[in-house]
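Report on the structure
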Amino acid sequence: MPVELNCQDTGGEGVPLVVIHGLFGSADNWRSHVKAWEASRRVIAVDLRNHGRSPHAEGMGYEAMARDVIELLDRLGIPRAHLLGHSMGGKVVISLARLAPERAASLIVGDIAPLAYGHDHDTVFAGLRRLEEGRPANRREADDLLGEHVKERAVRLFLATNLERAEEGGLQLRLGLDEIQDDYETIMGPPAGEGVFSGPTLVLRGARSPYVTDAMLPALKAVLPEAEVVTLDAGHWLHAEQPEAFRESVEAFLAQRVAG
């Protein structure tokens with residue numbers, strides 16, 4: 001059964017741009033981009049299940065998450081949208097486009113290929129579990145707890161966006177961590193659906209990221225044959241590392257390649 005997702009909707013006319021975060025992210029991470037894009041189009045930033053302010057639910061399969069987004073589009077009365085997804089969110093939008101191509105006006109995929117990946121989040125899960133156990137009183141304590149397992153400060157700051165004030169005091173995670181960890185194998189797997197999406201597609205990859213290498217491009221093109229691949233001077237979090245270049249690439253794609 002689809003989950004009723006939380007979203008941030010700027011309102012406006014025309015075909016909207018739907019923005020979908022990656023693993024451990026949320027719509028909040030995209031505020032600066034949404035603010036820039038809303039000047040020219042309606043933008044809807046989504047919290048996937050077990051993330052942000054959306055409900056927690058068992059199962060992180062890509063078909064289920066794509067159906068959640070389709071249900072949201074139905075609820076908002078949106079027949080078609082430009083779909084932007086980063087990392088896990090990129091696999092969600094690829095899945096949606098394969099399952100319901102009539103709903104996708106275009107795809108913008110941030111640094112992910114339609115492939116299975118290896119496991120590389122063990123330290124992140126350990127750090128988040130330490131946060132759960134430690135129940136930090138403030139963000140400094142939270143950073144210290146995370147730092148026992150996660151050494152990269154930028155990653156700790158990103159993970160800390162999932163903290164919220166608990167009713168009984170202190171900070172708590174708003175992630176559905178049990179549900180995410182239980183289905184982590186599925187998250188790291190390929191997107192759902194079969195066949196190709198032959199509509200307009202932009203793939204933005206980071207030059208210093210291992211997620212979309214040259215060796216992966218044939219597999220990517222087999223699923224997204226119309227993909228224009230643009231490489232930014234960044235790692236995996238290219239929208240945070242190179243925000244202006246990322247925004248400009250998206251805006252140029254929507255303006256030049258896509259009607260609506």
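Below or above, wherever it landed, is the structure these notes cover. These figures come from a predicted structure and were not determined experimentally. (Residues numbered from 1 in each chain as written. Predicted model: local features only at pLDDT ≥ 70, side-chain atom pairs only at ≥ 80, totals over all residues. Heavy atoms only, no water.)

A closer look at the packing of aromatic side chains
Following the criterion strictly, the structure yields 6 aromatic pairs and no others. Aromatic pair Phe-24 and Phe-125: ring centres 5.6 Å apart, planes at 80°, arrangement edge-to-face. A residue pair is termed long-range when its members are at least 10 positions apart, and Phe-24 in the loop between strand 2 (17–20) and helix 1 (31–37) and Phe-125 in helix 4 (residues 122–134) qualify at 101 residues. Look at Phe-24 and you get buried, because its relative accessible area is 2%. A relative accessible area of 5% means that Phe-125 is categorised as buried. Relative to Tyr-184, the ring of Phe-125 has its centre 5.3 Å away and its plane inclined at 90°; by these criteria the two rings are edge-to-face. With Phe-125 in helix 4 and Tyr-184 in helix 8 (residues 184–187), the pair connects residues that are 59 residues apart, well separated along the chain. Here the two residues Phe-125 and Tyr-184 agree in accessibility, since each one is buried. Cluster of aromatic residues (ring-pair linked, three or more members): Phe-24, Phe-125 and Tyr-184. (Phe/Tyr/Trp six-rings, centres within 6.5 Å; stacked < 30°, edge-to-face > 60°. Helix = DSSP H or I, 4+ residues; strand = E, 2+ residues; numbered from the N terminus. Buried < 20%, exposed > 50% of the residue type's maximum accessible area, 1.4 Å probe, protein only.)

So, the side chain of His-121
Take His-121: it is sitting in the loop between strand 5 (104–110) and helix 4. A relative accessible area of 14% means that His-121 is categorised as buried. Within the structure, His-121 has its side chain in polar contact with the side chain of Asp-120 (distance 2.9 Å). Setting aside chain neighbours within four positions, we find His-121 in contact with Leu-23, Phe-24, Tyr-184, Met-188 and Tyr-211. (Polar contact = N/O pair within 3.5 Å; in protein donor to acceptor, adjacent residues only side chain to side chain. Contact = heavy atoms within 4.5 Å.)

Focus: the nonpolar core
Core analysis: the largest hydrophobic core is formed by 65 residues, its most contacted members being Phe-24, Leu-107, Leu-128, Leu-159 and Leu-224. Here the element with the most residues in this core is helix 2 (residues 62–76); it accounts for 7 residues. Excluding its chain neighbours within four sequence positions, the residues that come into contact with Leu-107 are Leu-83, Val-93, Ile-94, Ala-97, Phe-197, Pro-200, Thr-201, Leu-202, Leu-224 and Phe-253. Counting residues in hydrophobic clusters, the runner-up holds 19 residues, among them Val-43, Ile-108, Leu-238 and Phe-253. (Core = buried A, V, L, I, M, F, W, Y, C linked by side-chain atoms within 4.5 Å.)

Observations regarding the sheet that holds strand 2
Strand order across the open sheet formed by 7 strands is 1-3-2-4-5-8-9, with mixed pairing between neighbours. Looking along the sheet, the strands with just one partner apiece sit at the ends: strand 1 (7–9) and strand 9 (227–232). Taking the axes of each pair of neighbouring strands and ignoring which way they run, one obtains an average angle of 15° across the sheet. Most of the contacts of helix 2 go to strand 1, to which it runs at about 40°, and overall it touches strand 1, strand 2, strand 3 (43–46) and strand 4 (81–86). Those strands touched by helix 3 (residues 88–99) are strand 2, strand 4 and strand 5, and its axis lies near 145° from that of strand 4. (Pairing = 2+ DSSP bridges. Axes fitted to C-alpha atoms, helices over the stretch in contact; angles between N-to-C directions.)

Digging into helix 5 (residues 139–147)
Three or more residues of helix 5 are buried, namely Ala-142, Asp-143, Leu-145 and Leu-146. Mapping the buried residues of helix 5 onto a view down its axis gives an arc of 160°, with all of them on the same face. Among the exposed residues of helix 5, those pointing more than 90 degrees away from its buried face are Arg-140 and Asp-144. Where helix 5 is buried, its residues touch helix 4, helix 6 (153–160) and strand 6 (163–165). (Arc of directions from axis to C-beta.)

Let's talk about the packing of helix 2 against helix 3
Running from amino to carboxyl end, helix 2 crosses helix 3 at an angle of 75°, the nearest separation of the two axes being 8 Å. With respect to helix 3, the element helix 2 is oriented roughly perpendicular. Here Tyr-62, Glu-63, Met-65, Ala-66, Arg-67, Val-69 and Ile-70 of helix 2 come into contact with helix 3, specifically with Met-88, Lys-91, Val-92, Ser-95, Leu-96 and Leu-99. Within the contact of helix 2 with helix 3, the residues separate by chemical class into 9 nonpolar, 1 polar and 3 charged. (Parallel < 35°, antiparallel > 145°, perpendicular 65-115°, else oblique. Nonpolar A, V, L, I, M, F, W, Y, C, P; charged D, E, K, R; others polar.)

Some thoughts on helix 4
Taking 1.5 Å per residue as the helical rise, helix 4 with its 13 residues ought to reach 18 Å, and the 18 Å between its terminal C-alpha atoms agrees with that figure. Residues of helix 4 that are buried include every one of Val-124, Phe-125, Gly-127, Leu-128 and Leu-131, and no others. Projected onto a plane normal to the axis of helix 4, the buried residues spread over an arc of 165° and lie on a single side. Residues Asp-122 and Glu-133 are exposed on helix 4 and point more than 90 degrees away from its buried face. Residues of helix 4 that are buried in the fold lie against helix 5, helix 6, strand 6, strand 7 (171–173), helix 7 (177–182) and helix 8. Looking one or two places after helix 4, you find Arg-135, whose phi comes out positive at around 45°. (Expected span 1.5 Å × (residues − 1).)

Considerations on the pattern of salt bridges
Here the structure, examined in full by the defined rule, presents 17 salt bridges. For Arg-103, the salt bridge is made with Asp-74, and the minimal N-O distance between the two is 2.9 Å. Remark: Asp-74 occurs in helix 2 and Arg-103 occurs in the loop between helix 3 and strand 5; sequence separation between them is 29 residues. We note a salt bridge from Asp-143 to Arg-156, for which the minimum N-O separation is 2.8 Å. One end of the pair, Asp-143, is in helix 5; the other, Arg-156, is in helix 6, and 13 residues separate them in sequence. Taken as a pair, Asp-143 and Arg-156 share a single burial class, namely buried. Through salt bridges with shared partners, one network takes in Asp-28, Arg-31, Arg-53 and Arg-174. (Salt bridge = Lys/Arg side-chain N within 4 Å of Asp/Glu carboxyl O.)

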